Amino acid sequence: MNYVGRFAPSPTGPLHMGSLMAAVSSYLHARQAGGRWLVRIEDIDPPREMPGASDAILSDLEALELYWDDKPSYQSSHLDEYRTIAERLIDAGLAYRCSCSRRDIRSRGDEGPLGYRYSGVCRGRQLHLRDTAIRVNADSARGIFEDGLQGECAYDVPAVLGDYVIFRSDGLPAYHLAVVVDDARQGITHIVRGTDLLDLTGIQIHLQRTLNLPTPVYIHVPIIVNDAGQKLSKRTGAEPLRASNGNAVAREVLNYLGLKAPRELHRARPAELWSWAIENWEIDALQGIKEITLQSIHTGFAENELQ
Ligand code: GLU
């Protein structure tokens, strides 16, 4: 099989240890398989983005000598394609326009574990207004998929979320649509990413089936959480990486992935650490692990080793 993997960051801030986990695990897994590794900037949500973050992410990856294949792709250059596909689903009767606000939905009292659940009030309404959201009929979105690390995962979208949004009422495509369309266009065969996205995978599989697209292999690696159990992210105060200190950053992320670099690589360039990791990483050591606490790693190194 011609393996094609990817790292797909949203440019909401600079790279931090949490996002680097997704980058490095997808990179190592692709390179171990002799495959290609693409970088895709998921810049479809300008209100959440930070100016300059896309360039900062790419230059940090370069400083860390994590070299991708092809040119990076940008979701913002595919907005017309997402719109056309969403409208085609409406024409096929698989999606519909919806004018309900969050407040309307909440006031119906239909809360689900991911926030609110949408029961399909607008399904039969044939709305043609421009500033409506577009939702996919999710009645058949139930099943089980086999994750490469997390085993059998059951999903039941109608119970959790209901008909899900693929285009927002502000005219922006939703993450699920863009991710599924791009993975298919780019021929992605393996998706290695954090367990924070595990619960959303069923929605993406349903959307692939609705659009007649292939389902890649999914492998969800543990996410890093802080002492309070929160995912390391810009919002929870993750520090941007000091990519200039590439050796220490690379050794730290490898440690999270279960690899302790030998002494002779303690001053090596990041690229040498990655080559060593490609030879030595056994992803199965992460089987079933959903989270790793930030602290556990810092006990792995004497402070001065990380300087
Ligand atoms: N852009 C998403 C994020 O940064 C990741 C998408 C994915 O890997 O499927 O959380």
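Residues numbered from 1 in each chain as written. Predicted model: local features only at pLDDT ≥ 70, side-chain atom pairs only at ≥ 80, totals over all residues. Heavy atoms only, no water.

Peer 1: How should the overall build of the chain be read in this particular structure?
Peer 2: Of the regular secondary structure elements, the chain holds 10 helices and 14 strands. Taken over C-alpha atoms, the radius of gyration comes to 20 Å for the chain, in line with the 19 Å a tight globule of 307 residues would show. Looking at the chain as a whole, 53% of its 307 residues qualify as buried. Intrachain contacts of the chain at a sequence separation of at least 6 include 76% that bridge at least 24 residues. When the accessible surface of the chain is split by element, carbon and sulfur atoms take 48% of a total near 14,600 Å². Taking the average place of the 33 positive charges on the side chains of the chain and the average place of its 40 negative ones, the gap between the two points comes to 5 Å. (Helix = DSSP H or I, 4+ residues; strand = E, 2+ residues; numbered from the N terminus. Rg over C-alpha atoms; globule rule 2.2 N^0.38 Å. Buried < 20%, exposed > 50% of the residue type's maximum accessible area, 1.4 Å probe, protein only. Contact = heavy atoms within 4.5 Å. Areas by Shrake-Rupley, 256 points an atom, 1.4 Å probe, with all protein chains shown as cover. Lys, Arg positive; Asp, Glu negative; His and termini not counted. Charge placed at Lys NZ, Arg CZ, Asp CG, Glu CD.)

Peer 1: Teacher, can you tell me more about the site of the ligand here?
Peer 2: Close contacts around the ligand come from R6, A8, P9, S10, E42, Y175, V179, R193 and L197, and that covers them all. Contacts to the ligand include A8, whose backbone N or O atom sits 2.7 Å from a nitrogen atom. At 3.1 Å, a side-chain N or O of Y175 approaches an oxygen atom of the ligand. Protein chains bury 80% of the 300 Å² of accessible surface belonging to the ligand in isolation. Of the residues in the shell around the ligand, the class split is 5 nonpolar, 1 polar and 3 charged. (Near = heavy atom within 4 Å. Polar contact = N/O pair within 3.5 Å; in protein donor to acceptor, adjacent residues only side chain to side chain. Nonpolar A, V, L, I, M, F, W, Y, C, P; charged D, E, K, R; others polar.)

Peer 1: Would you mind showing me how to read the sheet that holds strand β10 (residues 164-167) here?
Peer 2: Adjacent strands of a sheet form backbone hydrogen bonds with each other and so pair up, either parallel or antiparallel. Ordered in space as β4-β7-β10, the 3 strands form an open sheet in which the pairing is antiparallel. This sheet does not close on itself; its edge strands, each paired only once, are β4 (95-98) and β10. Across the sheet, the axes of successive neighbouring strands diverge by a mean angle of 45°, strand direction being ignored. With 3 bridges joining them, strand β7 (residues 133-136) and β10 adopt antiparallel strand pairing. Along β10, the bridge assignment pairs I134 with F167. Where helix α7 (residues 201-210) meets the sheet, it contacts β7 and β10, and its direction lies at approximately 60° from that of β10. (Pairing = 2+ DSSP bridges. Axes fitted to C-alpha atoms, helices over the stretch in contact; angles between N-to-C directions.)

Peer 1: It is not clear to me how the packing of helix α8 (residues 246-256) against helix α9 (residues 270-280) should be interpreted in this structure. Could you clarify?
Peer 2: Geometrically, a packed helix pair is captured by the angle between its two axes and the distance between the axes. Closest axis-to-axis distance for the α8/α9 pair is 9 Å, and the angle between their directions is 20°. What the angle tells us is that α8 and α9 run roughly parallel. In this structure, the crossing between α8 and α9 has a hand that is right-handed. Judged by residue contacts, G246, N247, A250, R251, V253 and L254 of α8 engage P270, L273, W274, W276 and A277 from α9. Of the residues belonging to the contact of α8 with α9, the class tally is 8 nonpolar, 2 polar and 1 charged. (Parallel < 35°, antiparallel > 145°, perpendicular 65-115°, else oblique. Left-handed = near helix turned anticlockwise from the far one by under 90°.)

Peer 1: How do you make sense of the nonpolar core when you look at a structure like this?
Peer 2: Buried together is how nonpolar side chains tend to be arranged in soluble globular proteins. Counting residues in each nonpolar core, the largest one holds 48 residues, and the members touching the most others are M17, L20, V24, W37, L61, L66 and L254. When contributions to this core are tallied by element, the ones reaching two or more residues are α1 (17-32), β2 (36-41), α2 (53-63), β12 (217-221), α8 and α9. A total of 9 residues in this core trace back to one element, the largest contributor, which is α1. Among residues more than four places away in sequence, those in contact with L20 are L15, L64, L66, L241, V249 and V253. (Core = buried A, V, L, I, M, F, W, Y, C linked by side-chain atoms within 4.5 Å.)

Peer 1: I would appreciate a short explanation of unusual backbone geometry in the present structure.
Peer 2: Peptide bonds are trans in most cases, and residues, glycine excluded, mostly fall at negative phi. Even without glycine at this site, D70 takes up a positive phi of about 60°. Within the secondary structure, D70 sits in the loop between α2 and β3 (73-74). Located in the positive-phi region is N212, a residue other than glycine, with phi close to 60°. The topology assignment puts N212 in the loop between α7 and β12. Overall, N212 belongs to the exposed group, its relative accessible area being 72%.

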